[in-house]
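Chain and residue survey
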Amino acid sequence: MRERLIEAVLAGSELDARELTQALLAEGVSARVILDETLVPAIRRAGDLWEQGEFFIPELMQASTAMKGAMSLLRPRLGAAGDSAGATVVIGTIEGDIHDIGKTLVAGMLEAAGHNVVDLGADVAPARFAEEASRSKASLICVSALLTTTMLNQQKVIEERNRAGLAHVARVMVGGAPVSRAWADRIGAEGYAPDAFSAVDEAARLLSLSR
Ligand code: B12
């Protein structure tokens, strides 16, 4: 059934992807296993097919829509054992970048951990993160980037945050496939996590610094 779910994502069939996800859940397979061992490999395989010239952007878009449909069933079940301090978190994908699957997963995990998440979506201007953090009194700003070109703009979020006088109020956590701890250190981001699961622990660490 997992192979069929991978096929459904690759075929861009949201309906099938949702049905198969539901069936796997009914069989008792955990949401995390479905995500890690089926959906994430499926979207990566779509990326490989794209690199090999077998997929074009529309196929990749359909695959991501199918993946998001399946993910919406998993999100309420991805309960994380993190800090449920109920902090306000502002999250978005940086300006110039429309990749939002990973960001949405991180947002879902933080929500599952008990935080109040304000999701600004994708292609978000650096100043907008700081404005929203100020408006919603957020203690954490999360910035996703999937492109080596757009990750440069993550630094601008930190500059805008500092300019708004929020340096000691709202910590910044960065992430996304090309992002690393070394990059986070270089641009002055307080936090970094390689995936949505460790993002919950990293958020708890950063929030404990703020207290
Ligand atoms: C799906 C996809 C798309 C879809 C996006 C649909 C959507 N709504 O998101 C579409 C088709 C639109 C797309 C477009 C493009 N794409 Co694209 N895309 C991908 C693909 C195949 C998968 C990305 C994905 O969703 N992965 C699955 C998620 C779960 O993983 P993730 O995003 O890494 O997120 C995890 C972690 O990184 C982390 N994380 C993510 N964000 C955050 C944030 C924080 C705060 C934290 C702590 C953690 C964290 O946690 C997540 C969950 O565990 C990748 C290839 C790949 N293998 O990654 C290419 C890829 C990212 N795309 C690429 C490119 C080049 C493009 C285009 C420029 C193509 C073009 N010529 O038009 C455009 C960009 C348009 C733009 N301006 O943004 C390149 C980037 C190369 C680079 N290094 O810069 C890649 C790597 C493909 C490749 N090998 O060349 N793409």
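Residues numbered from 1 in each chain as written. Predicted model: local features only at pLDDT ≥ 70, side-chain atom pairs only at ≥ 80, totals over all residues. Heavy atoms only, no water.

Here's the deal with the pattern of salt bridges
The cut-off we apply is this: The term salt bridge refers to a side-chain nitrogen of Lys or Arg lying within 4 Å of a carboxyl oxygen of Asp or Glu. Strands here mean DSSP runs of E at least two residues long; helices mean DSSP runs of H or I at least four residues long; both are numbered from the N terminus. Exposure categories follow from relative accessible area, calculated using a 1.4 Å probe and restricted to protein chains: below 20% of the type maximum is buried, above 50% is exposed, and the middle band is partly exposed.
Enumeration according to the criterion identifies 11 salt bridges in this entry. E3 is the partner of R45 in a salt bridge, and the nearest nitrogen-oxygen pair spans 3.5 Å. Here E3 lies in helix 1 (residues 2–10) and R45 lies in helix 3 (residues 31–51), a separation of 42 residues in the sequence. Judged by relative accessible area, E3 falls into the partly exposed class, the value being 44%. Across the pair R163 and E160 runs a salt bridge whose closest N-O atoms are separated by 3.2 Å. Of this pair, R163 and E160 are both found in helix 7 (residues 154–163), 3 residues apart, which corresponds to roughly one turn of the helix. Its relative accessible area of 63% is what places R163 among the exposed residues. Assessed through its relative accessible area of 22%, E160 is described here as partly exposed. Salt bridges sharing common partners tie together R128, E132 and R135.

Section: the nonpolar core
Basically, it comes down to this: To define a nonpolar core, start from buried Ala, Val, Leu, Ile, Met, Phe, Trp, Tyr and Cys residues and group those joined through side-chain atoms within 4.5 Å. Where each domain starts and ends comes from a domain assignment, either automatic or drawn from a database. It only takes one pair of heavy atoms within 4.5 Å for two residues to be counted as in contact.
In terms of nonpolar packing, the biggest core is built from 50 residues, with L35 and L39 touching the most fellow members. Considering every element that reaches this core, the biggest residue donor is helix 3, with 9 residues. Residue assignment places this core across two domains, with domain 1 (2–77) and domain 2 (88–210) each supplying three or more. When sequence neighbours within four positions are dropped, the list of residues in contact with L39 reads L5, V9, I34, M67, A70, M71 and L74.

So, the coordination of the cobalt atom of the ligand
Our working definition: Note that water is not among the atoms considered, so a metal site may appear incomplete; the donors listed are N, O and S atoms within 2.8 Å of the metal, with 3.2 Å applied to Na, K and Ca.
With respect to protein ligation, the cobalt atom of the ligand binds only H99 (NE2), at 2.2 Å. Looking at the secondary structure, you find H99 in the loop between strand 1 (88–93) and helix 5 (101–112).

Quick notes on the environment of A167
Residue position: A167 is located in the loop between helix 7 and strand 4 (171–175). Filtering out sequence-adjacent residues up to four positions away, A167 remains in contact with R161 and N162.

Some words on the site of the ligand
Quick note on the threshold: Here, proximity means that at least one heavy atom of the residue falls within 4 Å of the molecule or strand. We call two N or O atoms a polar contact when they sit within 3.5 Å, provided that within protein one can donate a hydrogen and the other can accept it, with sequence-adjacent residues counted only if both atoms are side-chain atoms.
Near the ligand, the surroundings consist of 34 residues, among which E51, I98, H99, D100 and S144 are the closest. At a separation of 3.5 Å, an oxygen atom of the ligand approaches a polar backbone atom of I101. Interatomic distance of 2.9 Å between a backbone N/O atom of T148 and an oxygen atom of the ligand. If you list the elements that add at least two residues to the shell around the ligand, you get helix 3, helix 4 (57–74), helix 5, strand 3 (140–144), strand 4 and helix 9 (196–210). In terms of residue count, helix 4 provides more of the shell around the ligand than any other element does, 5 residues in total.

With respect to the side chain of T21
Residue position: T21 is located in helix 2 (residues 14–26). Owing to a relative accessible area of 0%, T21 belongs among the buried residues under this scheme. Excluding residues within four positions of it along the chain, T21 makes contact with L5, I34, A70, L73 and L74.

Remarks on the domain arrangement of the chain
Counted only if it meets this: Summed over both partners, the accessible area (1.4 Å probe) lost when two parts come together is defined as the buried area.
One can read the domain layout of the chain as domain 1 (2–77) and domain 2 (88–210). For domain 1 and domain 2, the distance between their C-alpha centres works out to 25 Å. Across the boundary between the two partners, domain 1 contributes 9 residues, which contact 6 residues of domain 2. Together domain 1 and domain 2 conceal approximately 760 Å² of surface at their shared face, both sides included; 80% is due to carbon and sulfur atoms. One can count 1 salt bridge joining domain 1 with domain 2.

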